[in-house]
Amino acid sequence: MVREKQKKRQGKEKDFFFGFHFVTSLFTIFPLIYGGLDLYFASAAIFTFLTMISAAANEVAAYHSGTIVGQFYSVLLNRNESAFWTVYYKASLIYFGQTMLLAIVSLFSWLLYIAMRRNLVLSLHNLYFSKRVFYKLNAIDNEGIDNPDQRITQDCERMCNILAKQVLPYLLISPGVICYYSVVTWKKAGWIGVAMIYTYFAIGFVANRILNSPITKWAARVEKSEGDFRFKHVSVRNSAEEIAFYDASATEKYACDRSFMELLRRQLKLNLWEFPAKFLQYFVDYYGGIFSYLIQIFPIFIFNWYQGLGPGELAEQISNNAFYFIYLINSFSRLTDLFLNLGEMAAYSQRISHLITVSRETEETEPKNLPWNLTEEEEAASTLISDILTMAAPSGSEKSLITDLSFKLPASKTLLITGGSGVGKTSLLRVIRHLWQPKFGRIQLSSDNVMFLPQKPYLPVGRLTLRQQISYPQIVDDSPNALLDSLRFEKILFSLGLQHLIALSGGLDEQPSFEWQDTLSPGEQQRLSIARLLHRRPAIAILDEATSSLSEQVELQVYNLIKEANIVYISTGHRHSLLALHDFELHLNGGSDWRIDEIQLSEQF
Ligand SMILES: Nc1ncnc2c1ncn2[C@@H]1O[C@H](COP(=O)(O)OP(=O)(O)OP(=O)(O)O)[C@@H](O)[C@H]1O
């Protein structure tokens, strides 16, 4: 039942709209952008302030540059040359100031974009990599979060871009500018002029709101498809060789084409929905120019206000009026653009806030206070203790993989976990590592100094140096201290027959021109993982079929090296030869059908 619900949640695409949830998403995101106390959070606030102030100053400059045209008409029609030059120098200065202010607004909004993106992405990284959220969302239950990687990379970029460059510079000044030019229009064309412009905008706004409503939903759907399409290509890149061996080019092409066509179909729908909204937007913008002349009929023909003016003054008055009316209409148009941008931003912000909420709600899978009936002495005398452990796969499965598992592995003894495929060997390691919660009981290692080697060797991408690969998961920077001990690294590589890797990558600390994961054979990758173990020398090693790609002879050498390094190990595997390398065998047969035996010397040799 639970599983069904989860499937439904994962299968059903979540749609986003431009409404209340958009506002709440901003309440979730803004604390991550502005909420800290360090210099970076302060810089986001400072650049927001500077962007808004410079955008407001630009409005003042725009007012002056708009009304200077009328002054040109006046001095030219009055044939006043000395006044012309004064107006000309004044105009030059105003335009210089305005262009400078435009450049400043652009600079500050860029800096704001960088500060915002930095704060948001680093905060998301904190959430994503804490409590193993990345593991839960990618490997257990995605909670309806498609492509979390895309939300952190692309959606954050787009949201910060729109917010910093197209929303914030105009958000606060728009109402102020509209009020100011409304008052001016009232003075120049009476209440009827203002009423006409407001009606013009109100009709435009309502139509825009209706036409815009599906855009948020479709923008979010396009984002999801973009993520799916990119992920499909990444998987082809990562598994190029396997695909080539299967000779599956046609299948992969089919899947890539399908994913791409779905993306295009959605983009087409988005664009079709945007078409009427865009038409309306352009119409309101352009027709506003003619509409502003229609309002001129009130002062000139109806109220007859400019009867006594000469041609120069009349021309100046008409030019200024045209500017005021157009500017008021334009301010409304900008408000419409603002809504259009907010509509697109709503898709990104809700995808991001959904990720934030789910990450915050993710529970720590550290061991709960489950029953534990052992004394401290008993704990100290064992490497691994399991006490009536019952466990199941986490995705809502009712069926227990293992039931009532109880045993004590004596200190310094090694254990081999065996059983058929899919019986739960790796899953037991997941519970030991606290990646999964047990249903009941507990299982615990005697030491926290543990290293796990997974079934599939993981060699991170990023052209890591050989030293960095061997030191993983320890961070190795370029400091001289970090580069000490080269002899030890080389000895480990020699002992595993991997010395050729030094020449292959051009040295221990040279960045290779290839990715390790794409180049090394599976056996080499497994031996490189073992090199990590020998480098770190933990008290306990957990080897999940970590030598399955090696020959039995090399496997024996590897286990001898681990023994020589005084590392106690617990392995899983299918090979009979592994029995000779361990002290105890835990055989799993599903549910409560399990047994643990000391391996007899006859089996060992
Ligand atoms: N994230 C998951 N959600 C749900 N079920 C899972 C998940 N991961 C594994 N399982 C299921 O749990 C069962 C045990 O898997 P596990 O990987 O432990 O098998 P295994 O014994 O290690 O098999 P093998 O020898 O083939 O590696 C399998 O049926 C598997 O499909």
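Residues numbered from 1 in each chain as written. Predicted model: local features only at pLDDT ≥ 70, side-chain atom pairs only at ≥ 80, totals over all residues. Heavy atoms only, no water.

In the annotation of an unreviewed UniProt entry, the entry for the protein chain reads ABC transporter domain-containing protein, and the organism field reads Diploscapter pachys. According to its UniProt record, the protein chain has this under Sequence similarities (unreviewed entry): "Belongs to the ABC transporter superfamily. ABCD family. Peroxisomal fatty acyl CoA transporter (TC 3.A.1.203) subfamily." (UniProt positions renumbered as here; feature names shortened; annotations may be inferred.)

Here we take up the overall build of the protein chain. What the protein chain contains, in helices and strands, is 20 helices and nine strands. Over its C-alpha atoms the protein chain spans a radius of gyration of 35 Å, topping by over 25% the 25 Å that the globule rule assigns to 605 residues. Expressed as lengths along the three principal axes of its C-alpha atoms, the size of the protein chain is roughly 120 × 55 × 55 Å. Counting over 605 residues, the protein chain shows a buried share of 48%. A separation of at least 24 residues holds for 77% of the contacts in the protein chain among residues at least 6 apart in sequence. (Helix = DSSP H or I, 4+ residues; strand = E, 2+ residues; numbered from the N terminus. Rg over C-alpha atoms; globule rule 2.2 N^0.38 Å. Buried < 20%, exposed > 50% of the residue type's maximum accessible area, 1.4 Å probe, protein only. Contact = heavy atoms within 4.5 Å.)

When you line up the elements, lysine 425 lands in helix α13 (residues 425–432). Here lysine 425 sits buried without a salt bridge, and the closest side chain of opposite charge, glutamate 545, lies 4.8 Å off (N-O distance). If sequence neighbours within four positions are ignored, lysine 425 has contacts with Ile417, Thr418, Gly419, Gly420, Glu545, Thr572, His574 and Leu588. (Lys, Arg positive; Asp, Glu negative; His and termini not counted. Salt bridge = Lys/Arg side-chain N within 4 Å of Asp/Glu carboxyl O.)

Before going further, it helps to examine the sheet that holds strand β1 (residues 382–392). In a beta sheet, neighbouring strands are held together by backbone hydrogen bonds and run either parallel or antiparallel to one another. Sheet architecture is open: three strands sit in the order β2-β1-β4, paired in antiparallel fashion. Looking along the sheet, the strands with just one partner apiece sit at the ends: β2 (400–410) and β4 (440–445). Strand-to-strand twist of the sheet, defined as the mean angle between neighbouring strand axes without regard to direction, takes the value 20°. Contacting β1, β2 and β4, α13 crosses the sheet at an angle of about 110° to β1. (Pairing = 2+ DSSP bridges. Axes fitted to C-alpha atoms, helices over the stretch in contact; angles between N-to-C directions.)

Once the domains are mapped, the protein chain shows domain 1 (14–365) and domain 2 (376–459 + 520–598). On a C-alpha basis, the centres of domain 1 and domain 2 stand 55 Å from each other. On the side of domain 2, eight residues touch domain 1, which itself brings five residues to the contact. In this assembly, domain 1 packs against domain 2 so that about 600 Å² is buried in total across both faces, 47% of it on carbon and sulfur atoms. Viewed at the interface, domain 2 and domain 1 are joined by zero salt bridges. Taken together, the residues of the side of domain 1 that touches domain 2 sort by class into two nonpolar, one polar and two charged. (Domains from an automatic or database assignment. Buried area = accessible area lost by both parts, 1.4 Å probe. Nonpolar A, V, L, I, M, F, W, Y, C, P; charged D, E, K, R; others polar.)

Another aspect to go through is the site of the ligand. Within the structure, the ligand sits among 18 residues, and Ser421, Gly422, Lys425, Thr426 and Ser427 are positioned closest to it. Within the side chain of glutamine 455, an N or O atom sits 3.2 Å from an oxygen atom of the ligand. Expressed as a share of its isolated accessible area of 640 Å², the protein-covered part of the ligand is 70%. With four residues, α13 is the single largest residue contributor to the shell around the ligand. (Near = heavy atom within 4 Å. Polar contact = N/O pair within 3.5 Å; in protein donor to acceptor, adjacent residues only side chain to side chain. Areas by Shrake-Rupley, 256 points an atom, 1.4 Å probe, with all protein chains shown as cover.)

With that out of the way, let us pick up the sheet that holds strand β7 (residues 568–572). The six strands are arranged β5-β6-β7-β3-β8-β9 in an open sheet whose pairing can be described as mixed. Across the chains shown, the open sheet's two edge strands, defined by having one partner strand only, are β5 (450–453) and β9 (594–598). If you compare each strand with its neighbour and ignore which way they point, the axes differ by 15° on average. Here β5 runs beside strand β6 (residues 540–544); their pairing, made up of four bridges, is parallel. Across the sheet, the residue bridging to valine 450 is isoleucine 540, located in β6.

Now for the UniProt feature "transmembrane region" (unreviewed entry) in the protein chain. Per the UniProt record, "transmembrane region" (unreviewed entry) is annotated on residues 16–34, 93–115, 167–183, 189–211 and 279–302. Structurally, residues 167–183 is divided into 94% helix and 0% strand, and its ends, taken at the C-alpha atoms, are 25 Å apart. End C-alpha to end C-alpha, residues 279–302 measures 33 Å, and it is 96% helix and 0% strand.

To continue, consider the packing of helix α15 (residues 486–495) against helix α18 (residues 522–536). Axis separation between α15 and α18 bottoms out at 10 Å; the angle between their running directions is 135°. Between α15 and α18, the angle is such that the two are oblique. In the crossing of α15 with α18, the sense of the turn from one axis to the other is right-handed. Facing Arg488, Phe489, Ile492, Leu493 and Ser495 of α15, the residues of α18 in contact are Leu528, Ala531, Leu534 and His535. (Parallel < 35°, antiparallel > 145°, perpendicular 65-115°, else oblique. Left-handed = near helix turned anticlockwise from the far one by under 90°.)

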